[in-house]
Every structure is written in C-alpha cells, then in structure tokens.
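# Structure at a glance
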Amino acid sequence: MKCLLIASESAEVLFHWTDLEFQQNIQEQYGASQEEGQGLPAFEDSISTLFAPIIISCSTMVDRLGDSYTSFTTENNHIYILHQFDECLYIAVNGDGEEGEDDLRRKIYVMKKMIEVLFGMVTLSGKLLRKELRPQDTEQRARLWKHLQSLLETYSHLRENDQSFLVEAVERLIHPTLCEQCIEFLERRLVQQLNSSVERAGEEVLHAFILVHTKLLAFYSSRNASTLATSDLLALIIMAQNMYPSNVDVDDPGPEDVESTSGSGPESFYTPEPSPTDRDSSGSDKPVRGSTPVFEFMDPDIQMAEDSLQTLEVPPPDPSTPRRVFLEVSSKDGIYPMMPHSMYCLPLWPGITLVLLTKIPTNAVATSVYKFLEAFAKLEKRLSEGQEGSAATRGQLTIHDIRGKLDKFIKALGPSELQCIDLDPVNLTYLEDFPGLIHFICVDRSTGQMIAPSLNITERTTSELGKGPLAQFIKSKVWSLVSTTRRFLQKGYSTVTLRDGDFYFCYFLWFENETGYKLEAGDIPILPDDSAPIGMLAWDYYRKLLRYYSKNHQGEVVKCYELLTVHLGVIPTEIILQHCRQLASKLWEPSRNPLL
C-alpha cells in the first residue's frame, strides 16, 4: 500500500505513482460506489477524489492560519507525509508498514530532485512546472508519468538493495591499474577525439565516466569542467540504471560460467547495437551487428526547442540520442544550479555503462537567465519588505538597472538562441586484520565517496559474509543501523554505540584538516523532525554541515568522514574502538587507492 502524489493547490493531479495494492484498493473503493450500468471512473479521477479533501484542507490551513500539517496517521495505521514546495503539494503514503515517516519524506525529496534534474529552471515557476508535469495531450502525459514512475521505482529498488544509495555516496571500485587504463581511454581515445571533432555541433564533453552496475570504475573531467556535485552524480546513476537496469545475479557470471565465458580471450569485446527506434524502422540505414555505435551530436538549438516529452521518451532508449539534464555548475562567479547539459548513455557490456555529459552552446544563455532570475527574486523580496528606494538597497540593483541589463541581454541574443566486471569494491582482507568485525561502511562526505565490502544476498554470488540468508540478515541489520544513526545525527549526536543481541554497532562522524589531523568535535546542529532527510542526493546535508563547521576554522580545508561498523557482541569494547580507529586510518591511505 504505497503512493506518491504531486498536486496543485486546486487539487489538480500533476503526477501520481501507486503500487498494485494501492491501485486495487482505490478501484475497489470507487468501483463499488458507481451506479449500475456505469463503467469504472478513470484512475486519475479516483485518486484526485481520494486526496481532494486533504489538499483542500492544507490550502485552507495555510490561508487561514499561515501553517499546515506535515504528517498524520489514520486509524488503520496509514502514514501520510505532506510537503509544500511553492505551489506544488507532495503527498507520500504508506499503509503496509514497510516505510516510516523518514522513508516517505526522503522519497518526496528525491522525487523533487529528479524533477529538477529533468526540467531545470522551469521548476522555479509553479505555473510553468504545472504545464510541464501535466501536458494537455493525454498520451504525452501518460508517457511522461510512466517515465517519472519508472525513475521512482528504480530509486526505491536501489535504496533497498544498494549500499551507496543507502548512505547516499558514490562507491568506487578499487582496482588502480584498471582504473588508470580506463581513465586514459576516456581522456585520449574518447573525450579528446570527440571535442576535436568538427561534427560535434558545438558540444563539448565535460565529464565521462564508466559505471559497473552502480559503482564508479573510472571518472574523467575536462579542464574546463566544473566539479560534478555528488547529488547530481547519484541522480545520473539512477537515470543510467533506469535506462539499462543491472541484474547482478545475471550480469555477474558465477564460478560455473567462467569456463564458458573465458574462451573469447582478454582482447575480445562486443558492444551491443543500439535499440531499434521508429526512425530506424522507417529508414534504410539499419544498425549492423558488430558495428560500433557512434554518438550523434544533434543541433542543441533544435533539441532545446522541442517539446519536453521528446527528451523523456520511454524505453527502449537510443544510446546516440541525448537526454537533456540540468546540473549544478560552480565557477569563480558563484554556483549556478540547474544548468543544461546533454547526457549520452551507452551500454558497453552487461552491467557496464558509459556516460558522457556535454556542455551545450546555449549554456552561457542559461547562466545569464539564472542571474536575472536571482536578481528579480532579491528585488521581489525587498519590495515585499518595503525596502525598495530606502537606504537598505544601497549597493544592490534597482528595478531600472535590472530592466536595462535585461534589455541589453535580449538584444545581444541571436534568433536561434531565442528559439528556445566482477570486482570487489574493497580490496582489504578485513576479516583477518580485524577479527570480530562483520561489516563496515566508511564515507568521505567531502567528496561524496564511500568504501564498503560487498553485500551479495543471492545464492549465485558470494561475498565476505557468505551468501543467501546470512548475508540477507546482516544486510537488514546494516540498513536498520543507518536509519538509527540518522535519527541520532538529526538530534545532534556525532557518535553512537549500541548493542543489538549478538551484535555491537558503532557510528562516528568527525572532521579533519587536509593534513589528516583530527579537529576538535563541535556541536552538531539539531534539526526539526520534519526537516529535509539527511543525505547527499535529495538535499546535501553534509555540504551545509561542512560550511557550518568551517566557520570556526577559517583558512583551513575541512573534511568530514563517517564510519559505521558491525562487530560481534563478544568482542570487548576497547578492542572494537581500537578497530574503528585503525580501520578509519587504513581505508583512506593513498597507497591503498591512489585514485581517491
């Protein structure tokens, strides 16, 4: 019994996702109320009818009291979480007990993040966003909602099964030789050739990376590229997994398959052909098996002018056709969120995906537009506070200054611009080095990267924890530990130790300077219960935490780390703490992984 709904203040449905049980419940509820001889109402109408009283009551409370509720539980133990983002109300529901308030709130924020990545600065206007989320054409609307529903389901699957999405940090595969070879390939064989190509239609490759399932094997950025934010990288991994889902049990060959797959030799590779599209079926040029797909750089001006549904086409995806994504860009002038990029995604091998991010020629236009939007937002705030024309506005642009700059900007634009591997993530014999240690997760929150032993729970593959029920049991403990430590962190605790039956759990959050010297622990800000979820995907809590802590360490580069460990309960406490100190220093040694 799960549901996520986005609605306008007038109770108009802008997006909905439900699981099968919730859908059947609504159909039974409203089907039984229909008069004999009448057909069942459209599901969208039914869900609108169901949530209309909640939406209207929220709007009424905001109008009358200037406040509203953020959560409630019904008599049948259905949990409702509500959050208003400008003119859009997000509602997440769970009725089967599998999700708590924190899980539902996180799902809402992740959905908002994915919408920002897909639609960009349109999300800054409630009116424009409503038009994008609810196209007039019913077929377009169905395709768009199906794509968003698929992204949400992909995230939910990763959140339940992947450690990197559990802690919201990027996991890198530690294989220095292979990583260096892949980075060299990305730089010399791919990025340099594409950027020097006369057929690239003005696009410039900024970032290129190779994923093995959800893990980062190699990452290369050009000199002109901004740092790719961890939240954006995690969102792109969700999109890549949604386009080319990984089935670890199938993609990773078991021991019995080694002989049958090793005969091709180390130099034999096969690149799958692109999936057929309507364009391919109607034309004479059809892909030939064995041919290498070529990235087709399309005219970005034409691409931007197309309807948003063209960039959100449901599978099968065409690797040569880019998707428009909006990512954060940092420069010497400041940070600009939601700048347009093109994303190319190509499957190289089952479970292995190549992703390219390119800068489009109209990127400078988007930067200028954001500056004007920011200036108008500041001006609107001053007007609402009654400060326009007063001494408080000294040094800030007036409405006449902004209008003059905007006129010059529009006149300067041209017409076209106005058209709008089977690798172990941790090469560490920790079972031998740290007796009694069952599992750990170490996260560098400054870079958004994490290290952890694999947790394979299928019968076909084996991890350090074994396979099947044992690994599944440990996995459930780890997931529960992360949820518990986040609640303590929200209340201002940076250290947590607790015993659960035969296990002993530890959690530490600490700060270091760039030389590795541990800084004195300060007070962690206490967050309200209905605050944004702690993490780096939907809301970068750790970036704000670093900014808060760095105020007392001016002139120093401050880094933030987290360590979670699971030990057997029979191990003495002093040994456990000693393990934690040694493990934290050993994991991030440059000699262990020079690429981190």
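Cut-offs applied
Residues numbered from 1 in each chain as written. Predicted model: local features only at pLDDT ≥ 70, side-chain atom pairs only at ≥ 80, totals over all residues. Heavy atoms only, no water. Helix = DSSP H or I, 4+ residues; strand = E, 2+ residues; numbered from the N terminus. Buried < 20%, exposed > 50% of the residue type's maximum accessible area, 1.4 Å probe, protein only. Polar contact = N/O pair within 3.5 Å; in protein donor to acceptor, adjacent residues only side chain to side chain. Contact = heavy atoms within 4.5 Å. Pairing = 2+ DSSP bridges. Axes fitted to C-alpha atoms, helices over the stretch in contact; angles between N-to-C directions. Core = buried A, V, L, I, M, F, W, Y, C linked by side-chain atoms within 4.5 Å. Expected span 1.5 Å × (residues − 1). Patch = residues over 30% accessible without salt bridge, like charges linked within 9 Å, V, L, I, M, F, W, Y side chains within 5 Å. Areas by Shrake-Rupley, 256 points an atom, 1.4 Å probe, with all protein chains shown as cover. Salt bridge = Lys/Arg side-chain N within 4 Å of Asp/Glu carboxyl O. pLDDT = per-residue confidence, 0-100.

Looking at the secondary structure, you find Asn94 in strand E5 (residues 88–94). With relative accessibility at 1%, the residue Asn94 sits in the buried group. A distance of 2.8 Å separates a polar atom in the side chain of Asn94 from a polar atom in the side chain of Asp96. Within the local environment of Asn94, its side chain forms a polar contact with the backbone nitrogen of Gly97, the two atoms lying 3.0 Å apart. Leaving out residues up to four positions away in the same chain, Asn94 has contacts with Met1, Lys2, Asn77, His78, Ile79, Glu99 and Leu104.

Attention shifts here to the sheet that holds strand E3 (residues 71–73). In space, the five strands of this open sheet follow the order E2-E1-E5-E4-E3, with antiparallel pairing throughout. Single-partner strands in this sheet number two, and they are strand E2 (13–18) and E3. Sheet twist, expressed as the mean angle between neighbouring strand axes with direction ignored, is 10°. Examined bridge by bridge, strand E1 (residues 2–8) and E2 share five bridges and lie antiparallel to one another.

Right, let's talk about the nonpolar core for a bit. Residues Ile6, Phe51, Ile91, Met111, Leu236, Met239 and Met343 are the most contacted members of the largest nonpolar core, which totals 76 residues. Ranked by the residues each element gives to this core, the list is headed by helix H3 (residues 101–119), at ten residues. With sequence-adjacent residues up to four places away left out, Met343 is seen in contact with Leu236, Met239, Ala240, Met243, Thr321, Pro322, Arg323, Val325, Val355, Leu356 and Leu357. Residues Leu481, Tyr507, Ile534 and Leu545 belong to the second largest nonpolar core, which totals 35 residues.

The end-to-end C-alpha distance of helix H8 (residues 230–243), which contains 14 residues, comes to 20 Å, matching closely the 20 Å that a straight helix rising 1.5 Å per residue would cover. The buried fraction of H8 is high, at 14 of 14 residues.

Quick look at a nonpolar patch on the surface now. There is a patch of nonpolar side chains on the surface, built from Leu124, Val369 and Leu373 and spanning about 220 Å² of accessible area. Position of Leu124 relative to the elements: it lies in the loop between H3 and helix H4 (126–133).

For the protein, per-residue confidence averages 79 on the pLDDT scale, and residues scoring 70 or more make up 73% of the total. In this model, residues 591–596 is a region of pLDDT below 50 whose contacts with residues beyond four sequence positions or in other chains number 18 contacts.

With that settled, consider the pairing of strand E4 (residues 79–85). Within E4, five of the seven residues are buried, which leaves it mostly tucked inside the rest of the structure. What sits between the antiparallel neighbours E3 and E4 is a turn of five residues, in which Asn77 has the positive phi angle 65°. The hairpin turn running from E4 into E5, its antiparallel successor, is two residues long, and Asp86 in that turn takes a positive phi close to 55°.

Read from one edge of the open sheet, five strands run E8-E7-E11-E10-E9, paired in antiparallel fashion. Edge positions in the sheet fall to strand E8 (215–221) and strand E9 (323–331), since each has one partner strand and no second. Taking the axes of each pair of neighbouring strands and ignoring which way they run, one obtains an average angle of 30° across the sheet. Where strand E7 (residues 204–212) meets strand E11 (residues 352–359), eight bridges bridge the pair, whose relative direction is antiparallel. Residue Phe209 lies in a different strand from E11, and its bridge partner there is Val355. Contacting E9 and strand E10 (334–349), H3 crosses the sheet at an angle of about 95° to E9. In this fold H8 packs onto E7, E8, E9, E10 and E11, with an angle of close to 165° to the strand it touches most, E9.

It is worth spelling out the pairing of strand E14 (residues 495–500) at this point. The pairing of E14 with strand E15 (residues 503–513) spans six bridges and is classified as antiparallel. Paired with Asp500 across the two strands is Phe503, which belongs to E15. As consecutive antiparallel partners, E14 and E15 are separated by two residues, and within that stretch Gly501 has a phi angle of approximately 65°, a positive value.

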